[in-house]
Every structure is written in C-alpha cells, then in structure tokens.
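One-letter residues, chain by chain:
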Amino acid sequence: MTRRRLVQALWLSVGAVIVLIVFLTLISGFLQKWLWMREVGYKAIFWRIWFIKWSLLIVSFACVFAYLAVNFRLVKGMPPSAMWTGVRRAGEVRELNRPPISPALWTLSYLVVSGFIALMFALFFYPEWDTYLRFHYGGSTGIADPIFHADVGFYLFRLPFYKLVQDSLVVLAFLTVVLISGAYVWAGAFRPDETRRLYVERRTVAHLSVLVAIFFFAWAWGYYLDRYDLMYSTEGVVYGVGYTAYHVTRICLWIMLLASIGLAVVTLLNIFLRKFIALVAAVTCYFLLYFVLLMILPGVVQKFRVVPSELELETPFLTHNIEFTRKAFALDRIEEKHYPALTDLTLDDISRDRETIDNIRLWDWRPLLQTYRQTQEIRLYYEFYNVDVGRYHLSDGYHQVMLSARELAEELPPKAQTWVNERLQFTHGYGLVMNFVSKQTGGGFPEYINILLTSYLTPDSRIQLWRQVRERVSTIAPFLQLDGDPYLMLSEGKLYWIQDAYTTSDQYPYSEPYAGAWKQLNYIRNSVKAIVDIYEGSVSFYVMDPNDPVLKVYRRAWPGVFKDLNTLSPDLKKHLRYPENLFNIQADMYRTYHMTDVQVFYNQEDLWTFSNEKYAGTPVRLQPYYILMRLPGTKVLEYLLMTPFTPQKRDNMIAWMAAKCDFPEYGHILVYQLPKEKLILGPMQIEAMIDQNPLISEQLSLWDQRGSRVIRGNLVVIPIDNSFLYVEPVYLTAEGTNIPQLKRIIVISGDKVAMEPTLNQAIAAVFGKAAPKQPTVSVPAEENSLTLAREQLLKAQKALEQGQWAEFGKAMEELKKMLNAQPAKRTSPPK
C-alpha cells in the first residue's frame, strides 16, 4: 500500500470512528429515554412527541431544500447568452478575469447552501412540536372574542401555528430573493448594453419577479394574522383591542394587506411591462403608506382623540379586558361575600370553635426545617429539604400536620462515595417526619405521630433515572407546566409525592398577561395532579378540570394517559390540596380584577395589595397559608388555603381570600370583603402592636442577647365567628446549635395583646379568664404495646446509626411482629 493510500485509509478510519461515536451518543440517549418511558408505562407519549418532532424537521427541511434547490437550478439553466465575459465601453470590450466554475462545482455549491439553510429551518421547527400538537388536536371552546367573533380555540391552538408558518415563509422568501439575486449577479445576468444601460434577460426578470411576488404574498398573510394579534395590543390603556386599535389600526392593517397584494401583482405584471421605474415607485409608495398608516396615524389618534376622552372611548374595550381576564384566570368563579369583622370575640366563641383553635399553625416551616435537620436526619446520608403542610383524619379527629420526607442527600460524605453505596444501597430516602402544627413538648420541640422504613434491595429492583419528582414528571409530560413545590403525603402505609401540573397559554384573547416567577402567561388551569409513588417511582396523572380546552388537546393525543379523578383511591383523594402557586397567581390578578365597574377599574380606586409581616426583623410578604377552620355560617371543619389583602399603600386589612381543598367543593374560592367604613387591623399593624407592647418588647430584647436569637414566626390571621384572631409564634435558638425551640405564643384580639408559653394561656390572658380545658382524649388500650414498639424502633435506629446491620434487621423483625399484633382498626399513625 502506498503512503498516499495509507493516509487516506487512516483518515477514513478516523472519520468512521467519529461518525460511530456521534451515532452511538445519539442512539444511546434515544434508547435510554425510550426504555425508561416504556418501563414507567408512557411509551405512547414518547413515540408521539418523537414522531411529531422528526416529522416537523423532515417536512420543513424537504420543503425549504426543494424550494431553494429548484430556484438555484433555474439560475444554472440559463442560456449561454446570459453569461457574460466583459464590459463594453466606447466600442471596446474589456475582459474580466472571472474564475470559471464547473457545472459540477456549481451544483455542489447550491446543494450545500440549500441544505444548510434548510437545516436551520428544520432545527427551528423541531422544538415546536407542542405548537403543532395543539394545532392538530385543538378544538373550539364555545367562547367567541367580541371583536372578530373568532372562537377562543382559534387563538389558543391555530393562530400560533399559523404565525410560525407565516414568519418562516417571509424569512425563506426574503432569503431566496437575496440568494438568487446574488447568483444571477455572479452568473452575469445583469450587464450593461451598448448604450451603457443595464440589460437583464427576460427570464431573469421573470424569475426574480415571481420570487419577490411570493415574498409580498407571504407579507400580506402576515397583515391578515396581525389583525388577530391586536388582541394582545398594548397601544392604549387596555390590554388588547382598544379604541385606536379597533377604529384605526384594524382598518390600516386591511389597507396594508390589500397594498401588499397589489404590490405582488404589480411585481408579476413587471414581467411583461419591464418598467423598473414604475416598480420602484410602487415600492416607495408602499413603504410611505406603511409609515403613515402604522407608525404615525395610530399614535396621533391615540394622543389627540383618545387621551382627552379616554374613559368614555375605552369603556367597552375595558369591559372586554375585564371579562376575558377573569375567564382566563378563573376569577369569574370566585364567590364574593361580606365579612363583618366584629370586635366582640369572647372566650365562649373560642370554646365553641375549639377545633379551629387546636389546628392553628404554631410551627413556622423555616425554623422547623432546621429543627428537623438537627434532630431527625439520623445520618449524613439523609437530609430534609422542605416542609409541607397537610391534614389527616386521626383517631382523635381531623388534624393539620407538618411533614417532611427524609430524602437521600444530594452528595454522600467523601468516604462513603463507593460504588455500592451510590448505586445499590443509598438509592432512596428514609421515610418521613411529621408533627402537629399546634402541639409542642415541654422543651419547645415539635410533637413527632411515626417513621416508615424502606426495605432492602430485592429481585424487583430497577435502575433509577430522573429521580427528582419534578424532573421525573416533566420528562414524562413535558407539555405540562409544573408547580414548584410538590408535597408529601402518607396514605395507607405508603408515601407519595403530589405534583400539581398546569396547562398554560399566552394566547388567550383580551386577557392581561401575568409575569411572575414562571414564563409569561395569560391563561392557566390546574388541570392535572400527578401522583408519584416515592418508593417504586410510578407516576399517575389524574384530571382535575375535564373542561379545560388545553387539556382536551393532550387527552385526544394520548387517550388513557389522564385518568378520571373518580378512579383515585378515596384516601389519596382526601389529601389533595389547592396549589399555592396557582392561588398566588389568582390572588395577584384578583387584586386588580375584583374591580368589575369600568370607572373604578380605570381609576384604580380600589386596588389591593398583599399583606406583609415581619420575619427576622424585615418586612416580607405574608405568604398564603393552609388552615383548618369553620367558615362563617358553617358547622363543618374545612381545609382552606387563605391570604389577607390590604389596600394599596395602606396597612389595614380590606379582604381575605380562601380556596377550599376538601371535596366535593375542592377549588371553590371565596373572597370575604371587609367593611370599608371601619378600621380592621392588618398584619403589619399587628406586628407594630407587638413591637409597641412594653412587656413583650422587653422580654424579646432580653432573650435576643449574645448567645441566643429570637425568631418571630408566621403571623397567622384566623377568621373566627365573624371576627379575627391573630397568632404569632416566638422561637428561641442558642448560638451555635441552630435548633429553634418554640418558647412563646403571642395572641392578639382587638386591642389586647398577650404572650404566654402556650396558646391556651395566651388566649386566656387576652380574654381575661382561665385557660379553657383541652378536650379529654382517652388512652387506647393498646398504648402499652405501642410504647414497646417505639422502644424497639429506637433500638433499630441506634443499630442503624452504628452500622450494625444484623442488629438492625433483628430489631426490625421484632418491630414488624409487634405492629402486626395491633388491632386492625388502628390504621392511623399514633400520636
């Protein structure tokens, strides 16, 4: 073998290896995802998304490549007379030394250019699979917009895809005009004749005229779609079509659409007329028309016609904006009521609503998380990352609790980072910790109900991929927007994560956009709950809003993936709660859009804001909180998510919003509006009352000295018997330990403030009577055996900490025997 052939063979081998590596990298990722989706039972989603992605890529590549290649081919097929070799000047021909290009090289060149541009378009379409999916499976909603009378489904599902195609056509048509013009210049199609005038072959004129006409037709389609884009206009005081957009811009867009079509026709006629001056004049007039109609006229009308009489002229359009924004965020479903906010709350009222008092949340999740980490992590392999709030029907009643999963640490200690530890042994968390929201031990620690232990490696073990809850759910269903806080739930001896999932859009007509921590949106529904088994990792999707038009798209695309809520087990169902993220968005929008009177809305006369509280000495927003309470006029204890409102730039309370979490009224939102003629103290005013109380202020200052630190927890506003009770816990943590202890409870009612070691004592101090007695709870007969079980559990825990696996196994076997010996009716975790 010659040296040249050896080098060629070497280069071919290297190229083959590179291609093989790239191929294996791509195919391995594909196989990994496919095998995993098949294992979790969602291969239909994988294949449908994969098919749509590659269909968009292949179809867009083929169309763009064919369009460019055909046009380049027409340039190549020019007759020889069109190719030029010199410039004739004053009877003399000056030769130009242009390097020759062979037909084969020309063909290769334009195929490479066409392929590269087509690939760019294909990669642009590839990630737009969800846009196409909504276009293909989207239907109507039965709601028409008030301007063009198009169904809302047109805006949600079809318009985004039309705009995607139209934008691509405009870009492609423009690039083609530029590239083909350049090719003709290179080929010598533009040359001076004997009279020194520019001469162009008729065939060249025809070709370029058709391409320019296609560009103007695509541009005209854009004006047609721009009419619907006025639904998202920000020209005036209204988001959406306002007075100027309706009476001026809308008509101007029609004029520009017709002008674009006219310009395209003139361009085509130029094939026969060949009047370049007329074409230049037409294009000049077109751009002047665009400048006047779309750049100047709307602003002039808005400034000199609308602004002087803005409220009068914009009233019907403001009405549309209010109506459609309320629909898009489900604010139109909120029930408004009057809450008198009386100040005559008595101890008898408190006693009658004892269940609400017993479930007041005294534990703030921030210091509680530190307490969990210091007292319950057991070993360095496990960690608590978040604290959730839930409610459980226990043997002694309906209770609100706080709980946290003992999860696997993100990184094991250096000496423990062995292959066996990381891949076989420490693959799961280690149960949960739970405590009552309103109970404490004598030392100021939470009262902790049971620990669930996972089992060892079994023949059914599987490789774990995408283990984080949000990552796992989003990998299966990337078309859903996920809540930022999945929450833990214990049901029938098993642990589950509940992940709220949303369908969203930014294309709902006339709806004001919301720009928060998420991407900008103007439509949202919590249509899906994903239930994730913590141990085995199975994921199930349940439908919460079967009427959501966006969810219907995905249910049509993947029948059977989204299960009916009635198929969810009753025990799991009763632990579902209204998502805090959605509640925050709705509350944020409702601050403005509770004003349905146009004049009040326009003047922002009744604008609300969120209440603040103090934490670590700094004012922070009072986050919505879950609470077990009886709503006014009801006798049933309900689990609610609530938040108070204050007027803009004021601290007094003006209203409070509550979302029901219990079925059958899950998702029903109530807003209780407070009387405007009297002062109802807001959270920051309550904080000020605490700061101004000399006894409390002195005591907190004494504690907050060197060696210890005072933490004032969440201020909780509790509506009770048409009045308000305010409760704030006080924690004390020693320097260097970071184990907060609940030391005092502050209670405020009316103008009375008290701080005592327990909630009952603080209530008694406020109302000037002895503390009400706690309800008597009988001790179960099996309490002694449960005590022995707890001791056995502690023994197992100690063996685990010391790495004595044999002792741990024996202790666990004994514990199982003890628990199995308990009466079957004892299904709730013990206190």
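A. Main features of the overall build of the protein chain. For the protein chain, the helix and strand inventory stands at 23 helices and 28 strands. For the protein chain, the exposed surface amounts to about 41,100 Å²; the carbon and sulfur share of it is 59%.

B. Structural view of the confidence of the model for the protein chain. In this model, the protein chain carries an average pLDDT of 83, and 81% of its residues clear a pLDDT of 70 or more. A low-confidence stretch, residues 79–97 (pLDDT under 50), is modelled with 30 contacts involving residues beyond four sequence positions or located in other chains. pLDDT under 50 marks residues 450–457. Its contacts with residues more than four places away, or in other chains, come to 26 contacts.

C. The sheet that holds strand β10 (residues 432–436), seen in detail. The three strands are arranged β7-β8-β10 in an open sheet whose pairing can be described as antiparallel. Every other strand in the sheet has two partners, leaving β7 (388–394) and β10 as the edge strands with one partner each. Across the sheet, the axes of successive neighbouring strands diverge by a mean angle of 40°, strand direction being ignored. Examined bridge by bridge, strand β8 (residues 397–405) and β10 share five bridges and lie antiparallel to one another. Of the residues in β10, the one forming a bridge with S404 is V433.

D. The arrangement of the packing of aromatic side chains in detail. Following the criterion strictly, the structure yields 55 aromatic pairs and no others. Taken together, the ring pairs in this structure connect Y132, F135, F148, F154, Y155, F161, Y162, W221, Y224, Y228 and W254 into an aromatic cluster. Above the face of the Y224 ring, R227 is positioned so that its terminal group lies 4.8 Å from the ring centre.

E. Broad picture of the packing of helix α6 (residues 202–229) against helix α7 (residues 243–273). Axis separation between α6 and α7 bottoms out at 8 Å; the angle between their running directions is 170°. Classified by the angle their axes make, α6 and α7 are roughly antiparallel. Class assignment of the residues belonging to the contact of α6 with α7 gives a composition of 21 nonpolar, four polar and three charged.

F. Inspection of the nonpolar core at higher detail. Counting 209 residues, the largest nonpolar core has F479, F541, F562, W656, F724 and L725 as the members making the most contacts within it. With 10 residues, helix α5 (residues 152–187) is the single largest residue contributor to this core. Not counting chain neighbours up to four residues away, the residues in contact with L725 comprise L345, I350, I357, I360, V716, V717, I718, I720, V747, I748, S749 and F767. Counting residues in each nonpolar core, the second largest holds 18 residues, with Y110, L172, L208 and L211 among its members.

G. The environment of A282, seen in detail. Along the polypeptide, A282 turns up in helix α8 (residues 276–306). Among the residues examined, A282 registers a relative accessible area of 22% and is labelled partly exposed. Each C-alpha atom, one on A282 and one on G262, is 9.3 Å from the other, the two residues being 20 residues apart in sequence. With residues near it in sequence (within four places) discarded, A282 still touches L263 and V266.

H. How the structure looks around helix α14 (residues 469–476). Every buried residue belonging to α14 is among V469, R472, V473, T475 and I476, and all of these are buried. One side of α14 carries all its buried residues, which in axial view fall inside an arc of 160°.

I. Just unusual backbone geometry, in detail. Cis peptide bonds are those with omega within 30 degrees of zero, and the linkage from F663 to P664 qualifies with 10°. Following the sequence through the fold, P664 ends up in the loop between β22 (655–660) and β23 (669–673). Here A341, not a glycine, exhibits a phi torsion of approximately 55°, which is positive. Note that A341 resides in the loop between β5 (335–338) and α10 (347–352). You will see that Q604, though not glycine, has its phi angle at about 55°, which is positive. In this structure, Q604 sits in the loop between α18 (598–603) and β17 (608–610).

J. Fine view of the packing of α5 against α6. One can describe the packing of α5 onto α6 by two numbers: an axis separation of 9 Å at closest approach and a directional angle of 155°. Taken as axis vectors, α5 and α6 run roughly antiparallel relative to one another. Crossing of α5 over α6 shows left-handed handedness. For the contact of α5 with α6, the per-class residue count stands at 22 nonpolar, six polar and two charged.

K. Here's a closer look at helix α20 (residues 694–703). Here α20 has its buried residues at I696, L700 and W703. What you see down the axis of α20 is that its buried residues fit within an arc of 60°, all on one side. Residues P694, L695, E698 and L702 are exposed on α20 and point more than 90 degrees away from its buried face. Contact partners of the buried residues in α20: α19 (683–692), β24 (708–712), β26 (723–734), β27 (741–749) and β28 (752–756). For α20, the capping residue at the N-terminal end is N693, with a side-chain oxygen 3.2 Å from the backbone nitrogen of L695.

L. Looking closely at the pairing of strand β25 (residues 716–720). Among the five residues in β25, five count as buried, and that is most of the element. On β25, burial covers both faces: V716, I718 and I720 on one face and V717 and P719 on the other are all buried. Strand direction decides the pairing type here: β25 and β26, joined by five bridges, are antiparallel. Counted as the bridge partner of V716 is V727 from β26. What sits between β25 and β26 in their antiparallel hairpin is a turn of two residues, with D721 showing a positive phi close to 55°.

M. Inspection of the pairing of strand β14 (residues 523–533) at higher detail. β14 sits mainly inside the fold: 11 of its 11 residues count as buried. In this sheet, strand β15 (residues 539–543) lies alongside β14 in antiparallel orientation, the contact comprising five bridges. When the sheet's bridge partners are listed, I531 is paired in β15 with S540. Hairpin connection of β14 to β15: five residues between the antiparallel strands, including G537 at a positive phi of 85°.

Parameters at a glance
Every chain is numbered on its own, with residues counted from 1 as its sequence reads. In view of the model being predicted, local features appear only for residues whose pLDDT reaches at least 70, and side-chain atom pairs are presented and counted only at 80 or more, with totals across whole chains, interfaces and linings using the full set of residues. Where side-chain values are given, they derive from all heavy atoms of the structure, hydrogens and water being excluded. A run of H or I in DSSP counts as a helix once it spans at least four residues, and a run of E counts as a strand once it spans at least two, with each numbered from the N terminus. Here the open area of atoms and residues is found with the Shrake-Rupley method and a 1.4 Å probe, where only the protein chains shown may cover a residue. The predictor attaches a confidence to each residue, and that confidence, scored 0 to 100, is pLDDT. Contacts are assigned to residue pairs with any non-hydrogen atoms lying within 4.5 Å of each other. The pairing criterion is simple: DSSP has to find at least two bridges between the two strands. Axis definition: a line fitted to C-alpha atoms, limited for helices to the stretch in contact. Angles are taken between N-to-C directions and run from 0 to 180 degrees. For Phe, Tyr and Trp, where Trp contributes only its six-membered ring, two rings pair if their centres lie within 6.5 Å, and the inter-plane angle classes them as stacked under 30 degrees, edge-to-face over 60, or tilted in between. A ring is scored as having a charge over it whenever the NZ atom of a lysine or the CZ atom of an arginine sits within 6 Å of its centre and within 35 degrees of its normal. An angle below 35 degrees is read as roughly parallel, one above 145 as roughly antiparallel, one from 65 to 115 as roughly perpendicular, and any other as oblique. Ten residues, namely Ala, Val, Leu, Ile, Met, Phe, Trp, Tyr, Cys and Pro, are considered nonpolar, four, namely Asp, Glu, Lys and Arg, are considered charged, and the remaining ones, Gly among them, are considered polar. Buried Ala, Val, Leu, Ile, Met, Phe, Trp, Tyr and Cys residues that are joined via side-chain atoms within 4.5 Å together make up what is termed a nonpolar core. Here the term buried applies to any residue with accessible area under 20% of the maximum for its type, exposed to any over 50%, and partly exposed to those in between, with areas from a 1.4 Å probe on protein chains only. The arc in question is the one traced by the directions running from the helix axis out to the C-beta atoms. Left-handed is the label given to a crossing in which the near helix is rotated counterclockwise from the far helix by less than a right angle, and right-handed is the label when the rotation is clockwise. As used in this structure description, the phrase polar contact means that two N or O atoms lie within 3.5 Å; if the pair is within protein, one of them must be able to donate a hydrogen and the other to accept it, and residues adjacent in sequence are counted only when both atoms belong to side chains.

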